[in-house]
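Reading the structure
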Amino acid sequence: MPSIIENASPLTNFTTVTDVLPSNVLGGSRLSYYAAVSAILLCVWLFQPDKQKCGVSAPFYKASRLKWMFSADTLVKDSYSKFRDTVYQIKTTEGVRTIIPASLVSELKGLPEYTLSARTAVREAMLSEYTKLCAGQHTDTLSLLLKCKMTGQLARMTPQLKEELEYIIATEFPECEEWTPFKIQPFMIRTVSRLSGRIFVGPMLNRVEEWMDVSINFAVTAFIAVIKLQFFPPWMRPIAQYLVSELRTIDRDLAKAEAMLKPIIEERIRDSEIPGYEEPDDFVQWLLDALPEDQKRDFYIQGKVQLLLSAASIHTTSNLTTDCIYDLAVHQDMQEILREEAREVLEDDEAWGKKDSMSRLKKLDSFIKESQRLSGNVTSFIRKVMKPIDLSDGTHLPAGTNLLAPMAGVAVDPRFYPDPDVFDGLRFWKLRQQQQQQSSSNTSATSSPTTSTTPTTTSSSSPSLSDDLSNPPTNPNGRWQFTSISDSAMNFGLGKHACPGRFFASCEIKMVLAYLLLNYDIKLREGEGRPAPNMFMMTKSPSMTAEILFRRRSASS
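All of the points below concern the structure found in this document. (Residues numbered from 1 in each chain as written. Predicted model: local features only at pLDDT ≥ 70, side-chain atom pairs only at ≥ 80, totals over all residues. Heavy atoms only, no water.)

Glancing now at the overall build of the protein chain. A tally of helices and strands in the protein chain yields 23 helices and 13 strands. Every one of the 557 residues in the protein chain was classed for burial, and the buried ones make up 54%. Considering only intrachain contacts with a sequence separation of at least 6, the fraction spanning at least 24 residues in the protein chain is 76%. For the protein chain, the exposed surface amounts to about 23700 Å²; the carbon and sulfur share of it is 54%. (Helix = DSSP H or I, 4+ residues; strand = E, 2+ residues; numbered from the N terminus. Buried < 20%, exposed > 50% of the residue type's maximum accessible area, 1.4 Å probe, protein only. Contact = heavy atoms within 4.5 Å. Areas by Shrake-Rupley, 256 points an atom, 1.4 Å probe, with all protein chains shown as cover.)

With 14 residues, helix H17 (residues 332-345) should reach 20 Å at 1.5 Å per residue; the first-to-last C-alpha distance of 21 Å fits that figure. Among all positions in H17, only Met-334, Gln-335, Leu-338, Arg-339, Glu-341, Ala-342 and Val-345 are buried. An end-on view of H17 places all buried positions within 165° of arc, on one side of the element. For H17, the exposed residues set more than 90 degrees away from the buried face come down to Asp-333 and Glu-344. On its buried face, H17 sits against helix H16 (299-330), helix H18 (349-352), helix H19 (362-375), helix H23 (502-519) and strand S10 (520-523). (Expected span 1.5 Å × (residues − 1). Arc of directions from axis to C-beta.)

Attention now moves to the sheet that holds strand S6 (residues 380-385). The sheet built from six strands is open, its strands ordered S1-S2-S3-S9-S6-S4 with mixed pairing. At either margin of the open sheet sits one strand with a lone partner, and together these are strand S1 (60-61) and strand S4 (116-117). The pairing of strand S3 (residues 95-99) with strand S9 (residues 402-405) spans two bridges and is classified as parallel. Looking across to S9, one finds that Ile-99 is bridged to Leu-404. (Pairing = 2+ DSSP bridges.)

Phi is positive for Leu-127, which is not a glycine, with a value near 50°. As for its placement among the helices and strands, Leu-127 is situated in the loop between helix H7 (118-125) and helix H8 (128-131). Residue Leu-127 is classed as buried on the basis of its relative accessible area, which comes to 10%. Unlike most non-glycine residues, Lys-132 shows phi in positive territory, near 70°. A residue is classified by how much of its surface remains accessible, and Lys-132, at 25% relative accessible area, is partly exposed.

Turning our attention to the packing of aromatic side chains. A complete count under the given rule lists 17 aromatic pairs for this structure. Both rings, one in Phe-173 and one in Phe-182, keep their centres 5.0 Å apart while their planes meet at 75°; by these two values the pair is edge-to-face. With respect to class, Phe-173 is no different from Phe-182; both count as buried. A centroid spacing of 5.8 Å and a plane angle of 65° characterise the contact between Phe-283 and Trp-286, whose relative ring orientation is edge-to-face. Note that Phe-283 and Trp-286 are positioned in helix H15 (residues 283-290) at a spacing of three residues, about one turn of the helix. (Phe/Tyr/Trp six-rings, centres within 6.5 Å; stacked < 30°, edge-to-face > 60°.)

Strand order in the open sheet formed by three strands is S5-S13-S10, with antiparallel pairing between adjacent strands. Where the open sheet ends on each side, the last strands, each with one partner, are strand S5 (180-183) and S10. In this sheet, adjacent strand axes meet at a mean angle of 40° when their direction is disregarded. Pairing geometry for S10 and strand S13 (residues 547-552), over four bridges, is antiparallel. Bridge assignment links Lys-523 to a residue of S13, and that residue is Leu-549. (Axes fitted to C-alpha atoms, helices over the stretch in contact; angles between N-to-C directions.)

Below, the discussion takes up the pattern of salt bridges. Taken as a whole and judged by the stated rule, the model has 33 salt bridges. Between Glu-336 and Arg-343 there is a salt bridge, with its nearest N and O atoms 3.1 Å apart. Take Glu-336: its relative accessible area is 37%, and that puts it in the partly exposed class. (Salt bridge = Lys/Arg side-chain N within 4 Å of Asp/Glu carboxyl O.)

Right, let's talk about the packing of H17 against H19 for a bit. Here H17 crosses H19 at 140°, and the two axes come no closer than 8 Å. Considering their axes alone, H17 and H19 lie oblique with respect to each other. Counting all contacts with H17, which are made through Met-334, Ile-337, Leu-338 and Glu-341, the residues of H19 involved are Lys-362, Lys-363, Leu-364 and Phe-367. (Parallel < 35°, antiparallel > 145°, perpendicular 65-115°, else oblique.)

This part covers the pairing of S3. Where burial is concerned, most of S3 is hidden: five out of the five residues are buried. Two elements, strand S2 (residues 88-92) and S3, share five bridges in a ladder whose sense is antiparallel. Along S3, the bridge assignment pairs Tyr-88 with Ile-99.

On to the environment of Arg-297, then. Looking at the secondary structure, you find Arg-297 in the loop between H15 and H16. What makes Arg-297 exposed here is its relative accessible area of 53%. Sequence separation between Arg-297 and Ile-269 is 28 residues, and the spatial gap between their C-alpha atoms is 8.8 Å.

Now the structure itself:
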């Protein structure tokens with residue numbers, strides 16, 4: 001759940017534009033009009049001079065804006081291979097960005113907002129002034145509720161999530177008595193919408209089609225609006241906003257959300273005065289309790305916060321779940337390994353609701369993290385410099401500089417991940433075992449009276465996997481968990497702005513995958529390879545149209 005609220009990649013992973021544009025735009029009498037206007041805007045955008053002067057003394061990686069539009073992941077990998085631990089600059093579709101290597105991120109991640117701002121960077125990247133993609137004064141409240149109420153009580157939510165998953169499998173997934181082709185990505189979007197909605201808005205609303213439509217499409221509509229607005233230079237946007245129809249759709253979606261939530265909240269406020277009233281356990285109620293008295297009946301706030309939650313969670317979580325399913329279909333050997341672990345941990349219905357069940361799925365956790373490594377964000381650590389900063393390598397970052405970290409490059413750096421191009425579903429599980437063994441050895445050595453106290457030194461200043469293993473964290477397993485964050489693992493952001501909903505997302509993904517593994521075999525069609533991802537303007541997402549074969553497993557198998 002990379003967070004639009006605080007920290008995310010410049011454009012959160014949503015589905016590509018061509019997958020979501022209305023059919024009456026893509027085909028019909030207005031097509032020629034849209035094509036002509038789009039061509040004119042594209043030409044203006046491609047050839048407009050870039051007047052941004054950030055003053056960073058760092059080399060430029062040169063590539064056309066058109067290439068950045070459709071091949072950003074390839075360009076980030078290529079540029080990273082050239083510069084590695086050096087600060088460099090790129091001119092993307094969003095303008096000039098300064099790329100900070102993993103070796104220098106540690107100097108920046110702890111800086112305060114008034115020096116280096118994640119919120120300003122995200123707000124500007126999402127053009128929140130026009131798209132409303134900003135929680136504003138409620139950002140801290142929202143983050144706190146996600147950390148305390150949601151993350152701290154995941155075990156209590158698990159039975160509800162399993163019930164919801166079983167319902168949508170029964171109503172929208174094919175029988176699959178024989179090998180059955182199925183487009184998994186559209187289904188997964190609806191599944192995550194239902195699961196998240198069960199906790200966000202409760203059972204009265206999460207299955208309502210109108211709510212699902214608004215919660216799913218709000219992010220897509222906003223993404224298209226951002227793309228269209230980016231074709232205009234900033235000085236034109238106050239006028240150009242009236243040419244972007246999606247901005248009106250955003251307003252209508254916010255009004256719909258407000259209208260659907262209003263009777264539910266009014267009923268809860270009335271019922272709260274009844275002695276013995278038991279409050280519902282969902283985000284609507286948590287936010288209602290947290291808001292000051294004069295805002296409890298501000299239904300617009302509730303509607304906006306709910307749609308922001310949906311925008312930050314549904315597409316990112318469903319995308320990664322789909323990527324995992326594609327990887328399971330490719331790597332057949334992993335299915336039985338993960339299935340056996342799921343059988344052991346989730347031996348009966350009661351086990352699904354145990355506090356530690358999802359965390360005990362360590363091999364599945366590793367598989368998800370490996371899938372994210374190779375299919376995750378193109379960039380991360382989006383920040384804007386508010387006050388000048390001097391890095392240890394001598395690089396001066398003046399105010400106004402926009403920063404990114406090259407995640408697509410770091411993910412295939414052999415210093416961090418040996419054989420980085422090889423998919424190893426147990427990569428992080430093995431590292432956890434190794435870390436645990438080393439921690440146990442260190443503990444034994446520390447308790448021994450003959451242990452040498454001579455400190456060890458390293459001959460290299462570059463970050464590496466061995467550095468992580470030689471400096472284990474307090475929790476020996478924590479470094480390699482799916483939800484872990486570090487200077488080389490920033491898919492969920494970094495520092496105090498790391499995505500607060502990542503633990504909930506982890507729970508959802510593990511539940512869906514474990515359920516599918518226990519009940520279905522999965523494979524690709526004969527002769528087919530892994531479905532290629534879609535890439536558009538720093539946004540990477542799995543194919544919406546690819547079909548995967550499923551077959552229901554017998555009860556005895």
